[in-house]
Amino acid sequence: MSGQRPGGSVAPSAAHLIERLVALGTTHVVGIPDNDTAQVFERLCGHPTIRLLTVTREGEAFAIAAGLWIGGQQPLVIIQNTGLLESGDSLRGTAGRMGVPLLCLVGYRGYAKMLAAKLGTAPRPFDAATLTRADVDSAALLTEPTLAAWGVPFWRHDSDIDTDKVVPNAFEVAARQSQPTVVLLTRGFT
Amino acid sequence: MLTKDELLAPLARLREDRIVVTTMSVLRPWARHSQSELDFASADSAMGHAADLALGLALAQPKRGVVCLNGDGSMLMSLGTLATIVDSGATNLTLLIVDNGTYEITGSQPVPAQGRIDFGALARAVGFRRTYAFEDADEYEQQLPEVLAGVGPVLVSVRVEPGTEGPLARTPSASAHYLRTSLRESARRLRATLRG
């Protein structure tokens, strides 16, 4: 069956995620697609209630989302972890500094390689030798330590069950604490 | 070349109920011309992202005009935003670039390609249908009503004399009204104003 892992679990559904985002009151999705989130972006094109806005650099996404929120909307950002690292000052200085309750879905590039190299729970920060290994992606190695350093709460997302539990929880924490939160997408959507 | 006051005074007279986002070297001067609750200072924020923020406001408030007083250095930091603005379909955004050729508030260092950048050409290349460039105060003042009245997005590049504005800081004693509160509080106040 398409979308299944060797272990048998089914990849998360883009349609189901979008249903959940609608239920949470999302008005706009701002971001840049990657292979794992391409289905989500495709399904959002022409969506009746969520307006999709693609940007040229991830830093734009946080500033635009901040403007949308100040203007009374409920935006959401979808980018990849590489873009998250690129957009650090924008996240800090706009959504973060403005206290915008903003949920960000972040594609976790390199997550599977990190697990395969048994580095998923290794002590951090990683040393230079680890960060330059050919069999791992330093974007993945640096994602969680970076979010922790920035004070951004984050959770991992792996399945439709997480779509129902992790996504609403991250949304609620963002609203309650008036700050950005991140859900790390460890698997591609179908 | 215009002075900052020649740039800002006519805009303050004509802005009506538009949101005005300011940043960098005109941020404090604008506060001498306007005390509106619809002014927002992109200070203590992220460098180069005022135009993005203004785009978000414009998309959120499609029935209200939004003017962004952006710096030339700031615009250069996020040129891709020009494409995003056009692609967004926003028709209520006026992006006014204060072209003084310097990073004024950090010590007036020259921006890259100082004096050689044609922002109007860059904007037209990504699809802006309306662009203006001004170097003369009278011409600017005369045409500003037309600039603001038409359908956006519109990019306006204005050559402005380099000044001596220092670094920006948010403190209770700041001369500019919108620098007396935190960025977070400013965002909440504008949100509340816009939600009525």
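Residues numbered from 1 in each chain as written. Chains lettered and ligands numbered in written order. Predicted model: local features only at pLDDT ≥ 70, side-chain atom pairs only at ≥ 80, totals over all residues.

Caption draft 1: Just the overall build of chain A, in detail. Within chain A, the regular secondary structure consists of 9 helices and 6 strands. Here chain A, with 190 residues, has 47% of them falling under the buried criterion. (Helix = DSSP H or I, 4+ residues; strand = E, 2+ residues; numbered from the N terminus. Buried ≥ 20, exposed ≤ 12 C-beta atoms within 10 Å, placed from the backbone.)

Caption draft 2: Just the pairing of strand 6 (residues 181-185) of chain A, in detail. Residue and element names in this part refer to chain A. Burial runs high along strand 6: 5 of the 5 residues are buried. Every second residue of strand 6 is oriented toward a common face, with Thr181, Val183 and Leu185 on one face and Val182 and Leu184 on the other, all of them buried. Of the pairings in the sheet, the one linking strand 4 (residues 103-107) to strand 6 comprises 5 bridges and is parallel in character. Among the inter-strand pairings, leucine 105 is bridged to a residue of strand 6, identified as valine 183. (Pairing = 2+ DSSP bridges.)

Caption draft 3: Up close: the confidence of the model for chain A. Summing up the model confidence of chain A, the mean pLDDT is 94 and the portion of residues at 70 or higher is 96%. Residue range residues 1-8 of chain A is modelled with pLDDT below 50. Its contacts to residues more than four positions away, or to other chains, number 5 contacts. (pLDDT = per-residue confidence, 0-100. Contact = placed C-beta atoms within 7 Å.)

Caption draft 4: Here's a closer look at the interface of chain B and chain A. Opposite the 26 residues of chain B that make contact, chain A presents 24 residues. Counting residues per element, the ones that place at least two in the side of chain B that touches chain A are helix 3 (50-60), helix 5 (80-88) and helix 8 (183-195) of chain B. If you tally residues by element for the side of chain B that touches chain A, the top one is helix 3 of chain B, at 8 residues. Of the residues that constitute the side of chain B that touches chain A, the class distribution is 12 nonpolar, 9 polar and 5 charged. (Nonpolar A, V, L, I, M, F, W, Y, C, P; charged D, E, K, R; others polar.)

Caption draft 5: Examining the environment of B:Val66 more closely. Residues and elements named next belong to chain B. In this fold, valine 66 is placed in strand 3 (residues 66-71). Remark: the alpha-carbon pair of valine 66 and aspartate 39, spanning 27 residues in sequence, is separated by 10.0 Å. When residues no more than four places from it in sequence are discounted, the contact partners of valine 66 are Arg18, Ile19, Val21, Ala54, Leu57, Ala58, Gln61, Asn92 and Leu93.

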